Amino acid sequence: MSKKNTKIKIASVELKNPVMTASGTFGSGREYSDFVDLNRLGAIVVKGVADKPWKGNPSPRIAEVYGGMINSVGLQNPGVEHFIKEDIPFLRQFDTKIIVNVCGHSVEEYINVVKRLRGEDIDLIELNISCPNVSEGGMAFGTDKNMVNMVVGEVKKYADKPLIVKLSPNVTDITEIAKAAVDGGADALSLINTLSAMKIDIYRRKPVLERKIGGMSGPAIKPIAVRMVYQVCKCVDVPVIGMGGISNSEDAIEFIMAGATGVSIGTANFNNPYVTMEVIDGIEEYMDKYDIQDLSSIRGIID
Ligand SMILES: Cc1cc2nc3c(=O)[nH]c(=O)nc-3n(C[C@H](O)[C@H](O)[C@H](O)COP(=O)(O)O)c2cc1C
């Protein structure tokens, strides 16, 4: 296989390749370790971690739709103490970077998690200010530029690792949110989180999801995600991690050409647990075929 340079840098952290897992779709990696050589991943982005265990939302909380799915899982997680005790030692067995996705209902809760992670053996923090499935906090923080600026600024004070801020696509102008996050101190951005969505069961005359509205992910959202990544990369100078509907290496390369430094794979893991490995191989094959020595030569080549 190729000896070409697939390395990327997110803030001060070097990843062996741009391929990561999208938070919430890969657990803490354990669930996939029978299918996937976790050592080959650029990074593992773990499921959202809160300061205390969260129960998540009532079922049904997953609905299949054309080209993807809608979920209202609501960031169910066993909390930061459990993560530190169980997941960090598991993940550290592998030669990959650990990105901890942090969630909260309030600025204080975000800060509690970030403070607790200080000194722990992780590489980067991803702040989820964009989840549509939590009643307080979550997306509310990510859809107002002044809030974004404030939350990022506050959390940044306590983070001892570079901070990636994950943006919501449920906004009118993604560029003003991106700029507010960078002004607040974001070292990198990731986008997109899920798009607010709904499905109705016409025979039961009820929404399919108990919470009625959830977040849509999967192949159907990819063109929207590519457009947003493209717009954001044109207006900020920090690295961007692109995601939304990536199902193969061609999709991943599209995001890189739109300007993304890294790519995350989410919903596709559910259909094809080998997808991350296929994307890594496919990017290398593309580089070989078109004699690309370094990914930077195709990054952001679209004017
Ligand atoms: C079941 C499920 C759970 C998710 N949980 C989280 C989460 O905990 N934190 C987060 O930032 N994003 C979460 N996401 C959003 C994904 O990380 C990703 O941004 C989104 O699904 C778009 O990528 P995809 O189309 O490749 O899935 C979740 C998505 C799904 C489908």
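Overview of the structure. (Residues numbered from 1 in each chain as written. Predicted model: local features only at pLDDT ≥ 70, side-chain atom pairs only at ≥ 80, totals over all residues. Heavy atoms only, no water.)

Bringing the sheet that holds strand β6 (residues 68–71) into the picture now. Here we have 4 strands laid out as an open sheet, ordered β5-β6-β14-β11, and antiparallel in their pairing. Both outer strands of the open sheet, β5 (62–65) and β11 (195–198), are each paired with one neighbouring strand and no more. Strand-to-strand twist across the sheet, computed as the mean angle between neighbouring axes with direction ignored, equals 40 degrees. As judged from the 4 bridges shared by β5 and β6, these two strands associate in the antiparallel manner. By the bridge assignment, E64 is partnered in β6 with M69. (Pairing = 2+ DSSP bridges. Helix = DSSP H or I, 4+ residues; strand = E, 2+ residues; numbered from the N terminus. Axes fitted to C-alpha atoms, helices over the stretch in contact; angles between N-to-C directions.)

So, on to the packing of aromatic side chains. On inspection of all chains with the given rule, the structure shows 5 aromatic pairs. Measuring from ring centre to ring centre gives 4.3 Å for F26 and Y32, while their planes differ by 10 degrees; the resulting arrangement is stacked. The burial state of F26 is the same as that of Y32; both residues are buried. Across from the ring centre of F90, 4.5 Å away, lies the NZ or CZ of R30, which sits over that ring. (Phe/Tyr/Trp six-rings, centres within 6.5 Å; stacked < 30°, edge-to-face > 60°. Buried < 20%, exposed > 50% of the residue type's maximum accessible area, 1.4 Å probe, protein only. Lys NZ or Arg CZ within 6 Å of the ring centre and 35° of its normal.)

Our focus in this paragraph is unusual backbone geometry. Residue P60 follows S59 across a cis peptide bond; omega there is -5 degrees. Following the sequence through the fold, P60 ends up in the loop between β4 (43–45) and β5. The omega torsion across L191 and I192 is 10 degrees, close enough to zero to call that bond cis. You can see I192 is positioned in the loop between β10 (188–191) and β11. Even without glycine at this site, A11 takes up a positive phi of about 55 degrees. For A11, the position within the fold is in the loop between β1 (8–10) and β2 (13–15).

A contiguous nonpolar surface patch, about 590 Å² in accessible area, is contributed by M198, I200, I202, Y203 and I213. Along the chain, the position of Y203 falls in the loop between β12 (200–201) and β13 (206–207). Assessed through its relative accessible area of 74%, Y203 is described here as exposed. (Patch = residues over 30% accessible without salt bridge, like charges linked within 9 Å, V, L, I, M, F, W, Y side chains within 5 Å. Areas by Shrake-Rupley, 256 points an atom, 1.4 Å probe, with all protein chains shown as cover. Salt bridge = Lys/Arg side-chain N within 4 Å of Asp/Glu carboxyl O.)

With that settled, the discussion passes to the nonpolar core. Ranked by internal contacts, the top residues of the largest apolar core, which has 84 residues, are L117 and L189. The contacts of L117, once residues within four sequence positions are left out, are V80, F83, I84, V100, V102, I122, I125 and D160. Core analysis: the next-biggest nonpolar cluster, separate from the first, contains 14 residues, I8, L15, L124 and A188 among them. (Core = buried A, V, L, I, M, F, W, Y, C linked by side-chain atoms within 4.5 Å. Contact = heavy atoms within 4.5 Å.)

A few words now on the site of the ligand. Near the ligand lie 23 residues; those nearest to it are S23, K166, G218, G245 and T267. Note that an oxygen atom of the ligand is positioned 2.8 Å from one of the side-chain N or O atoms of K166. In this structure, an oxygen atom belonging to the ligand sits 2.6 Å away from a side-chain N or O atom of T267. Burial of the ligand by the surrounding chains reaches 97%, relative to a free accessible area of 600 Å². Looking at side-chain class alone, the shell around the ligand contains 6 nonpolar, 15 polar and 2 charged residues. (Near = heavy atom within 4 Å. Polar contact = N/O pair within 3.5 Å; in protein donor to acceptor, adjacent residues only side chain to side chain. Nonpolar A, V, L, I, M, F, W, Y, C, P; charged D, E, K, R; others polar.)

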